[in-house]
Amino acid sequence: MIDVQQVSRYFGDVIAVRDVSFHVEKGEIVGFLGPNAAGKTTTMRILTTYLPATSGTAKVAGFDVHENSMQVRRRIGYLPENPPLYQEMRVRDYLDFVAKIKGVAPVDRKKAIVDVMGKTAIDKVENRVIKTLSKGFKQRVGIAQALVHNPDVLILDEPTVGLDPNQIIEVRELIKSLAGNHTIILSTHILPEVSMTCQRVVIINKGSIVAQDSTDSLTKKHAGGRRFTVCTDAPFEAVREKLTAIPAVDRVEINREGHEYTTLVVESKDHDVRPEIARTIIENHWPLYEIKSEGVSLEDVFLDLTTSEEGAAS
Amino acid sequence: MRNFTAIYQREIKSYFSSPIAYVVIGLFLALSGLFFYLIVSNFVQMCMRYDMQAQYYQMAPPKLNVNMMAIRPILHNMSLFALFFLPLVTMRLYSDEKRSGTIELLMTSPVTNLQAILGKFMAAAALFLVMLAGTFLFIIFLFFYGKPEVGPILTGYLGLFLLGLSYISFGVFFSTLTDNQIIAAVSTFVFILFFWAIGWVSGFVSQSLGELFSHFSLIEHFDDFAKGVLDTKHLIYYLSFIFMGLFLSFVSIESARWRGR
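Residues numbered from 1 in each chain as written. Chains lettered and ligands numbered in written order. Predicted model: local features only at pLDDT ≥ 70, side-chain atom pairs only at ≥ 80, totals over all residues. Heavy atoms only, no water.

Draft legend 1. Quick peek at the overall build of chain A. The secondary structure content of chain A amounts to 11 helices and 14 strands. Against the globule reference of 20 Å for 314 residues, chain A gives a C-alpha radius of gyration of 25 Å, more extended than a compact globule. Oriented by its inertia axes, the alpha-carbon framework of chain A measures out at about 80 × 45 × 30 Å. The 314 residues of chain A split such that 48% are buried. Of all intrachain contacts in chain A linking residues separated by at least 6 positions in sequence, the fraction that spans at least 24 positions is 67%. (Helix = DSSP H or I, 4+ residues; strand = E, 2+ residues; numbered from the N terminus. Rg over C-alpha atoms; globule rule 2.2 N^0.38 Å. Buried < 20%, exposed > 50% of the residue type's maximum accessible area, 1.4 Å probe, protein only. Contact = heavy atoms within 4.5 Å.)

Draft legend 2. Inspection of helix α7 (residues 150–177) of chain B at higher detail. Over its 28 residues, α7(B) extends 41 Å from the first C-alpha to the last, a length consistent with the 40 Å expected when each residue adds 1.5 Å. Most of α7(B) is tucked away: 22 of the 28 residues are buried. (Expected span 1.5 Å × (residues − 1).)

Draft legend 3. Seen up close, unusual backbone geometry. Residue and element names in this part refer to chain A. Look at Asn 150: it is not a glycine, yet its phi comes out positive at around 50°. You can see Asn 150 is positioned in the loop between α5 (135–147) and β7 (153–157). Not every positive phi belongs to a glycine, and His 285 is a case in point at roughly 60°. Since its relative accessible area comes to 71%, His 285 is described here as exposed.

Draft legend 4. Structural detail: the pairing of β7(A). All names here are of chain A. Buried residues dominate β7, accounting for five of its five residues. Residues Val 153, Ile 155 and Asp 157 of β7 are buried on one face, and the alternating residues Leu 154 and Leu 156, pointing to the opposite face, are buried as well. The pairing of strand β6 (residues 76–79) with β7 spans four bridges and is parallel. Bridged to Leu 79 within β7 is Leu 156. (Pairing = 2+ DSSP bridges.)

Draft legend 5. Expanded view of the sheet that holds strand β8 (residues 183–188) of chain A. All names here are of chain A. The sheet built from six strands is open, its strands ordered β6-β7-β8-β3-β9-β10 with mixed pairing. In this open sheet, the two edge strands, each paired with only one partner strand, are β6 and β10 (208–214). With strand direction ignored, the average angle separating the axes of adjacent strands in the sheet is 15°. Examined bridge by bridge, strand β3 (residues 29–33) and strand β9 (residues 200–205) share four bridges and lie parallel to one another. Its bridge partner being in β9, Phe 32 is matched across the sheet by Val 202. Each of β6 and β7 is contacted by α5, which is oriented at about 165° to β6, the strand it contacts most. Its contacts with the sheet place helix α6 (residues 165–178) against β3, β7 and β8, and it is angled at close to 150° to β8. (Axes fitted to C-alpha atoms, helices over the stretch in contact; angles between N-to-C directions.)

Draft legend 6. Broad picture of the sheet that holds strand β5 (residues 63–64) of chain A. All names here are of chain A. One open sheet accounts for four strands, arranged β2-β1-β4-β5; its pairing is antiparallel. If you trace the sheet from one side to the other, it starts and ends with β2 (14–24) and β5, each paired once. With five bridges connecting them, strand β1 (residues 2–11) and strand β4 (residues 55–60) associate as antiparallel partners. Among the inter-strand pairings, Asp 3 is bridged to a residue of β4, identified as Lys 59.

Draft legend 7. Highlighting the side chain of Arg10(B). One can find Arg10(B) in helix α1 (residues 2–17). A relative accessible area of 5% places Arg10(B) in the buried class. Looking at Arg10(B), its side chain comes within polar contact range of the side chain of Glu88(A), at 3.4 Å. Beyond its immediate stretch of four places on either side in the chain, Arg10(B) contacts Tyr86(A), Glu88(A), Met89(A), Phe97(A), Arg92(B) and Glu97(B). (Polar contact = N/O pair within 3.5 Å; in protein donor to acceptor, adjacent residues only side chain to side chain.)

Draft legend 8. Main features of the packing of aromatic side chains. Residue and element names in this part refer to chain B. Under the criterion given, the structure shown has 25 aromatic pairs over all chains. Taken together, a centroid distance of 6.4 Å and an interplanar angle of 70° make the contact between Phe 141 and Phe 144 edge-to-face. Remark: Phe 144 and Phe 141 occur in helix α6 (residues 113–145); sequence separation between them is three residues, near one turn of the helix. According to the relative accessible area criterion, Phe 141 is partly exposed, its value standing at 46%. Judged by centre distance (5.7 Å) and plane angle (80°), the ring pair of Phe 194 and Phe 195 falls under edge-to-face. (Phe/Tyr/Trp six-rings, centres within 6.5 Å; stacked < 30°, edge-to-face > 60°.)

Draft legend 9. Up close: a nonpolar patch on the surface. Residue and element names in this part refer to chain B. The grouping of Phe 136, Leu 137, Ile 140, Phe 141, Phe 143, Phe 144, Tyr 145, Val 150 and Leu 154 at the surface amounts to a nonpolar patch, some 970 Å² of accessible area in total. Elements represented by at least two residues in the nonpolar patch include exactly α6 and α7. Broken down by element, the nonpolar patch gets its largest block of residues, seven residues, from α6. (Patch = residues over 30% accessible without salt bridge, like charges linked within 9 Å, V, L, I, M, F, W, Y side chains within 5 Å. Areas by Shrake-Rupley, 256 points an atom, 1.4 Å probe, with all protein chains shown as cover. Salt bridge = Lys/Arg side-chain N within 4 Å of Asp/Glu carboxyl O.)

Draft legend 10. Expanded view of the domain arrangement of chain A. We note that the domain assignment places domain 1 (2–221) and domain 2 (226–295) within chain A. The centre of domain 1 of chain A, based on its C-alpha atoms, is set 45 Å off from the matching centre of domain 2 of chain A. (Domains from an automatic or database assignment.)

Draft legend 11. Quick look at the packing of helix α2 (residues 19–56) of chain B against helix α3 (residues 66–90) of chain B. Residues and elements named next belong to chain B. Running from N to C, α2 and α3 cross one another at 160°; their axes reach a closest spacing of 10 Å. Looking at the two axes, α2 sits roughly antiparallel to α3. When the axes of α2 and α3 are compared, the crossing they make is right-handed. Residues Val 24, Leu 27, Phe 28, Leu 31, Ser 32, Phe 35, Phe 36, Ile 39, Val 40, Phe 43 and Met 46 of α2 form the contact with α3, whose own contacting residues are Val 66, Met 69, Ala 70, Pro 73, Ile 74, Asn 77, Met 78, Phe 81, Ala 82, Phe 85 and Val 89. The class makeup of the residues in the contact of α2 with α3 is 20 nonpolar, two polar and no charged. (Parallel < 35°, antiparallel > 145°, perpendicular 65-115°, else oblique. Left-handed = near helix turned anticlockwise from the far one by under 90°. Nonpolar A, V, L, I, M, F, W, Y, C, P; charged D, E, K, R; others polar.)

Shown next as structure tokens:
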């Protein structure tokens with residue numbers, strides 16, 4: 001559905017996106033992940049035909065974003081970082097205008113607007129002037145705007161930014177419910193969002209793609225080692241000495257030293273060292289309160305990828 | 001065509017759902033009305049004075065031309081008021097879209113830049129037409145008390161309309177350059193004022209240069225319209241001025257896209 005081949009974009013001498021290539025299948029939800037100013041918005045703007053690429057080709061639904069930009073525009077719904085709302089218009093009038101310029105046929109327009117207002121739960125505010133709406137509602141009107149012409153591809157730039165936790169959950173649910181019928185690309189710098197909503201993730205840093213894979217296999221690949229949290233009650237130095245002595249253990253760090261508990265983080269390359277830890281602590285007659293295996297989160301993968309990239313660059 | 005209409009209608013609605021349209025139309029009519037009153041009462045006084053002189057010398061009273069002595073100055077005044085008001089009408093057309101980010105919606109919808117520019121241009125033109133239609137009521141009054149010629153009035157209004165469209169086309173252009181409405185309005189005003197005044201320097205420079213300057217002057221071309229002369233030379237001047245403004249708007253939007261602003 002979306003095919004991007006070695007797209008680069010310069011702003012003067014500054015490179016915003018470098019040789020980005022990726023492919024999105026029909027019906028997929030793909031997350032763009034990256035720190036601020038990584039090039040997520042620029043990539044999305046190229047896909048939506050808002051910005052031309054300096055080099056490379058991008059195709060949406062088989063149409064080149066540059067050569068056939070009008071065909072592409074008909075097939076995409078785009079929610080920029082700031083929802084593009086005419087503040088002085090009423091919600092319904094606004095959606096009607098968007099439907100018109102997106103090319104929804106006059107006979108279908110009314111139904112399309114009612115449908116999309118139902119989907120995004122803004123039918124209660126249809127006659128309100130947009131500037132009087134809360135941030136959450138504005139965001140939903142923004143999503144409704146992207147959906148009104150029932151596009152094949154939805155491109156959402158940070159759809160949950162600035163919302164409260166409840167609204168974030170609602171928006172995520174809404175996005176998930178749209179999968180299947182639409183191909184969705186969403187960008188975010190919030191990691192859990194990607195693992196919750198997306199099947200696949202593209203990690204961008206400093207304008208280049210540093211990794212792209214399904215969320216599961218990414219975490220597997222970049223596990224890099226296993227971590228365990230150990231909670232006991234003993235002097236830190238003593239515990240560390242004993243634990244470091246275990247052959248498979250690479251590193252022991254203190255997490256918290258209290259007068260009752262000492263919490264340590266134990267790292268090992270590829271072994272589950274929990275039995276050894278337990279044995280060592282028991283043999284030394286320390287009380288053992290807890291041993292917990294920490295799963296590797298996308299957060300670790302992300303940090304791993306973005307910081308190692310930084311090390312390589314400098 | 002549908003895209004053009006959608007954008008045109010949205011702009012019209014936006015003018016009339018905010019105070020802009022009412023304030024601009026209201027103040028333009030008030031100002032024009034005041035000057036209409038002053039000019040006409042001055043004209044009436046003059047007529048009376050001539051009448052009395054004629055009676056004193058026992059001669060037939062001279063016929064004073066209401067077209068020349070009243071309507072033409074009124075049209076000239078209105079062309080100046082339009083210069084004050086129209087930049088305020090056009091300043092938000094693109095600046096506001098840029099500031100609020102709605103430009104991203106516009107530029108990612110299947111609407112060509114030409115459709116968008118024309119839609120916005122025509123909306124401002126329609127507002128100007130309403131302003132002019134209001135002043136037309138004043139002129140109708142004159143028909144109750146005198147016998148003005150219709151021809152010069154119509155050509156005068158045509159000239160005024162074309163002059164206004166020239167202001168508007170460059171207003172659109174300056175609005176594409178910035179996301180700040182004040183800057184858009186001020187640059188439009190100064191630019192138009194420059195093309196107004198360029199004819200005035202013709203007296204101070206060599207004859208050929210002066211002629212060239214007065215050919216460029218917006219207001220010199222208006223003069224013939226106000227007199228009732230319909231000359232293709234002036235029509236072509238205004239049409240190319242309007243075209244130039246719209247063309248520059250188009251170029252400005254396209255180049256902003258490439259530069260990524």
